[in-house]
Structures are given as C-alpha cells and as structure tokens.
Amino acid sequence: MGLKDNVTKEYMKDSRRFADVFNSFVYEGEQVIKPENLQEQDTTELLNFYGISDKLISKQEFRDVLKKCVLMRDEKAHYLLFGIENQSNIHYAMPVKNCIYDALNYGAQADETAKRHRESKDTKGAEFLSGFSKTDKLTPVITLVILWNSGVWDGPRSLHEMMCVQDPKILRFVPNYKLNLVVPGEIDDFGKFKTELQETLELISVQDDEIKMETLLTDKADVYSNIDIDSAKVLETCMKISFPNKTTEGGVDVCKAINDMIERKEKESAINFYRNGVSIEIIAKSLSLPIEKIRAWILGAGLQIL
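Note that the structure is a prediction, hence the values are computed from the model and not measured. (Residues numbered from 1 in each chain as written. Predicted model: local features only at pLDDT ≥ 70, side-chain atom pairs only at ≥ 80, totals over all residues. Heavy atoms only, no water.)

Our focus in this paragraph is the overall build of the protein. Across its full length, the protein carries twelve helices and seven strands. Relative to the globule expectation of 19 Å for 306 residues, the C-alpha radius of gyration of the protein, 26 Å, shows a markedly less compact shape. A principal-axis box enclosing the C-alpha atoms of the protein has dimensions of 95 × 50 × 35 Å. Restricting to contacts in the protein with at least 6 residues of sequence separation, those with at least 24 account for 59%. Charge-centre separation for the protein: the mean point of 40 positive side chains lies 4 Å from the mean point of 49 negative side chains. (Helix = DSSP H or I, 4+ residues; strand = E, 2+ residues; numbered from the N terminus. Rg over C-alpha atoms; globule rule 2.2 N^0.38 Å. Contact = heavy atoms within 4.5 Å. Lys, Arg positive; Asp, Glu negative; His and termini not counted. Charge placed at Lys NZ, Arg CZ, Asp CG, Glu CD.)

So, on to the pattern of salt bridges. Close approach of charged atoms lets side chains of opposite charge pair. For the coordinates displayed, the defined rule picks out 14 salt bridges. In this structure, Glu196 engages Arg17 in a salt bridge whose closest nitrogen and oxygen atoms are separated by 2.8 Å. Here Arg17 lies in helix α2 (residues 15-27) and Glu196 lies in the loop between β7 (180-182) and α6 (197-205), a separation of 179 residues in the sequence. Across the salt bridge formed by Glu199 and Lys220, the nearest N and O atoms sit 4.0 Å from each other. Here Glu199, found in helix α6, pairs with Lys220, found in the loop between α7 (210-219) and α8 (221-224); they are 21 residues apart in sequence, far enough to count as distant. Comparing Glu199 with Lys220 shows no difference in burial state: the two are buried. Counted as one network, the salt bridges with shared partners bring together Asp14, Arg16, Arg17, Glu196, Asp228 and Asp230. (Salt bridge = Lys/Arg side-chain N within 4 Å of Asp/Glu carboxyl O. Buried < 20%, exposed > 50% of the residue type's maximum accessible area, 1.4 Å probe, protein only.)

Bringing the nonpolar core into the picture now. Core analysis: the largest hydrophobic core is formed by 47 residues, its most contacted members being Val21, Trp148, Leu203 and Ile258. Looking at this core element by element, the count peaks at six residues for helix α10 (residues 254-275). With sequence-adjacent residues up to four places away left out, Leu203 is seen in contact with Met213, Leu216, Leu217, Tyr224, Leu235, Met239, Val254 and Ile258. Grouped together as the second largest cluster of nonpolar side chains are ten residues, Val145, Leu147, Leu159 and Leu181 included. (Core = buried A, V, L, I, M, F, W, Y, C linked by side-chain atoms within 4.5 Å.)

Once that is clear, we can look at the pairing of strand β4 (residues 65-73). Two elements, strand β1 (residues 38-40) and β4, share three bridges in a ladder whose sense is antiparallel. The residue of β4 that forms the bridge with Gln39 is Lys68. Where β4 and strand β5 (residues 76-87) come together, nine bridges link them in antiparallel fashion. Each bridged residue has a counterpart across the sheet, and for Leu71 the counterpart in β5 is His78. The turn joining β4 and β5, which pair antiparallel and follow one another in sequence, is formed by two residues; a positive phi near 55 degrees is taken by Asp74. (Pairing = 2+ DSSP bridges.)

This part takes up helix α11 (residues 280-287). When we look at burial in α11, the residues that qualify are Ile280, Ile283 and Ala284. Around the axis of α11, the buried residues are gathered within 95 degrees of arc, so they sit on the same side. Exposed and oriented more than 90 degrees from the buried face of α11 are Ile282 and Lys285. The elements touched by buried residues of α11 are α10 and α12 (291-300). A positive phi of about 55 degrees marks Ser288, the residue just after α11. (Arc of directions from axis to C-beta.)

So this is what it looks like as structure tokens:
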C-alpha cells in the first residue's frame, strides 16, 4: 500500500469524517449517522467454505475501513455496515473488487448465523440444512469508493459495464453490482459535507486548474489559511506539495503555500516564454499578470530586456 493510500485510510478512519461522507452520499447531507453510533470492525473479509471435493477453501480480502452503525429510525434500531475504499487512481475492475468484499461479508454473516443455530440446535428440516431460518436477516453492507484526485471516473461503474455482452435480454438475467462513488471532480454541492472533508475534497477537485484553485483559496481564505493538520497531510500527499507554514492556532496555512507554488510556476513559464522570443506584453496578457512583475522576473533571471 502506497503513502497516499495509507494517509487517506487513516484520515477516513476518523468517525466524524466517516459519518460525514455517508451522510452526504446516502442522506443528502442530513445528519442521520452519528459518529458516536459507529463501531470499528475488523476489515478482514474471510469466508471458509467447502468445494466440490469437500476440501476446505478459504477466501480472504482486506478492506480499507469498515464500521458498524446503529441507526434509530421510526423508534426502531437499524443495523448497517459501512465500508470505505480509498483510491489514489481509477481501478478499472472496481465493481468486481467491491462485489467480492460485500459477497464475502454476506457469506460470513450467513456462516455465523448457521454456527449459532448449530450451537443452539434450534432448527430442523430445510432450515437446518441451509443453516438459515425463514426469519433470519442479513445486515446490509454499503461500500463507498472515494477517488482522491481531481480526475473523473472513466472506468466502469457497474458489473454490467464490464461484460463482453451488452444485450439487455441477456444482462437482465445477470445480477448487477453498482459502485457507490465519491469523485471530487463530480461533486456539485460540497455544502453537504459538514466537517473539514468539505474543504479537503473541494480543493482536490480543482488542484489541476490554477484559476479555480486561486478563486477557491480567495473565497475561503479564512478556512484554508488555518486548516487542520490531518487535512493538510492529505492535501500534501494528494497534491504533492509541502505546507511548511504552521499557524499560531496550530493549523496549517495552505493558502500561502499554494499561492507560492502557483507564482513559481508562473515565473518559470514567463522566463521560458521570454527565452523563446515571446514579448513581455504577450506574456503578461497570457498569464493575466502586470507587465512590471514579468519584467522583474526576467531581470531577476539575469536576462536582458530588449
């Protein structure tokens, strides 16, 4: 697992952010899932079963984050399992990967139920053979995939999209599996997030567009000039930029670091343009910067102005 995966995994283990992303995705920003109602679960998805030769087969996979949630709806307790998979880049077989995670979990739930029935000896007939009674229920599993870059998800979003056959008459008999995706570049309303996840994902969404990034940093200067250290660490890793400017409040000044980075890029571009024969006036116009600034950069690089 790479640095980016480790950093985002630890970031999303936090129950506040974990609840926030699911409230945004599942409940449109309504604060239904409470951090205090989340319980950390073993991320190992393990299922033991017997093959056709009666040989014991074990299948094991490891999720990024898995939490159990207890929701009170209509004065009743509802139990759910929420999982998160963090992706640095697009995984073109993600529907299969997540389908396996969820299927293993359901298989393990059914296996655990059968074990309890065997111990209590409270089933017979078809229920005894299946290990599952007519009244037994499974806990729903919702797995969310978060893409930690500014790109769009151009991979398949469902199992059906991965099939070599696209005939609807055939596919209607093939069970589908759809991805639940959080892609920063596809989010229309970051206001649905109520934690610092809002600013983190929003900045990542514009990291490849300097104009949009400058506008965002200007509009939310009060937030980005003192962002929490955990979010700054994620932004550093995802954007590949160092944020050395700590604030007196204990946060990190993201604005200054990014503005300095943008200015360095503009300066390099201006000097390279001038070396290739482009006039100062045209450079200033193309970069939307004052002529005096371009002139100072060129002189500072030891070049003569003709």
